[in-house]
Amino acid sequence: AGFDPGFKYVGYSLVRFEPDGTQVIECLNTVYTEKSERKGSVRHASDMFRRSQIVWAEIRSKWLNLPNAICTETPPYLRNSSITAAIHLVSGALTLYADILKVPLLETTPGEVKLCLTKKRSATKEEIIAAMTKIYPNATWPVSRGKGCESTEMASHAADSLAVIESCLCDPVIIALRGLRK
């Protein structure tokens, strides 16, 4: 499973590896959450927990098969402490989820993902989507679900979740897991 942890947008994917080496997307989506419109009556931390519940409810409802490993981008440390806290809330949930499932949690940096797929650390969203479209030509990219939710962002975060998987494929744990299936 691949994750692009964010908060407004969380990209996620589940890829099945076939014995012949082909990769099949079982799930590819982006969860979009909005801030509460009730500014004065909702604590910021309570709203973050509400939004994280939305993310996990959607992911759990889509996954029919459980992952053998969870791949994620390392959470950044941004200047905006609220955004950093929100991203770490999602990352903490991923850590707990991996522990509950007893599967490895593999991390990669955004720079490693870009370098792996485009051979440059400054790749654009469009270049990552193009690289993923080349690897997964039958991918169905998620689109906008309404006000404030942009289709480009939806596709970009879903593509990032696949890109995280591709970047983690070189990890020794993944190589070992793939070798066990032969």
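Everything below is about the structure shown above.
Cut-offs applied
Residues numbered from 1 in each chain as written. Predicted model: local features only at pLDDT ≥ 70, side-chain atom pairs only at ≥ 80, totals over all residues. Heavy atoms only, no water. Helix = DSSP H or I, 4+ residues; strand = E, 2+ residues; numbered from the N terminus. Buried < 20%, exposed > 50% of the residue type's maximum accessible area, 1.4 Å probe, protein only. Contact = heavy atoms within 4.5 Å. Areas by Shrake-Rupley, 256 points an atom, 1.4 Å probe, with all protein chains shown as cover. Pairing = 2+ DSSP bridges. Axes fitted to C-alpha atoms, helices over the stretch in contact; angles between N-to-C directions. Salt bridge = Lys/Arg side-chain N within 4 Å of Asp/Glu carboxyl O. Arc of directions from axis to C-beta.

Caption draft 1: Examining the overall build of the chain more closely. For the chain, the helix and strand inventory stands at 6 helices and 5 strands. Counting from the amino terminus, the chain carries its helices and strands in the arrangement β-β-β-α-β-α-β-α-α-α-α. The buried share of the chain, taken over its 182 residues, is 44%. Here the analysis covers contacts within the chain between residues at least 6 apart in sequence; of these, 66% occur between residues at least 24 apart. In the structure as shown, the chain presents an accessible area of about 10100 Å², 56% of it carried by carbon and sulfur atoms.

Caption draft 2: Focus on the environment of Lys8. When you line up the elements, Lys8 lands in the loop between strand 1 (2–4) and strand 2 (9–17). A C-alpha to C-alpha distance of 8.2 Å links Lys8 and Lys35, two positions 27 residues apart in sequence.

Caption draft 3: Local environment of the sheet that holds strand 3 (residues 23–32). Strand order in the open sheet formed by 5 strands is 3-2-1-4-5, and the pairing between neighbours is mixed. Where the open sheet ends on each side, the last strands, each with one partner, are strand 3 and strand 5 (105–108). When strand polarity is set aside, the average angle formed by the axes of neighbouring strands in this sheet is 20°. Direction of pairing for strand 4 (residues 70–73) relative to strand 5: parallel, over a ladder of 4 bridges. For Cys71, the partnering residue across the bridge sits in strand 5 and is Leu106.

Caption draft 4: Broad picture of the pattern of salt bridges. For the structure shown, the criterion picks out 3 salt bridges. A salt bridge links Arg16 to Glu26, with the nearest nitrogen and oxygen atoms 2.6 Å apart. Here Arg16, found in strand 2, pairs with Glu26, found in strand 3; they are 10 residues apart in sequence, far enough to count as distant. By relative accessible area, which is 36% here, Arg16 ends up partly exposed. Because the salt bridges share partners, they merge into one network encompassing Arg16, Glu18 and Glu26.

Caption draft 5: A look at helix 3 (residues 110–118). For helix 3, the complete set of buried residues consists of Gly111, Val113 and Leu117. Within helix 3, the buried residues cover an arc of 160° as seen down the axis, which keeps them to one side. Immediately beyond the C-terminal end of helix 3, within one or two residues, lies Lys119, with a positive phi of roughly 65°.

Caption draft 6: Seen up close, the environment of Ala85. Among the structural elements, Ala85 can be located in helix 2 (residues 81–101). Separated by 37 residues in sequence, Ala85 and Met48 have C-alpha atoms that sit 8.8 Å apart.

Read these as layout, nothing more, since geometry by itself doesn't imply function.
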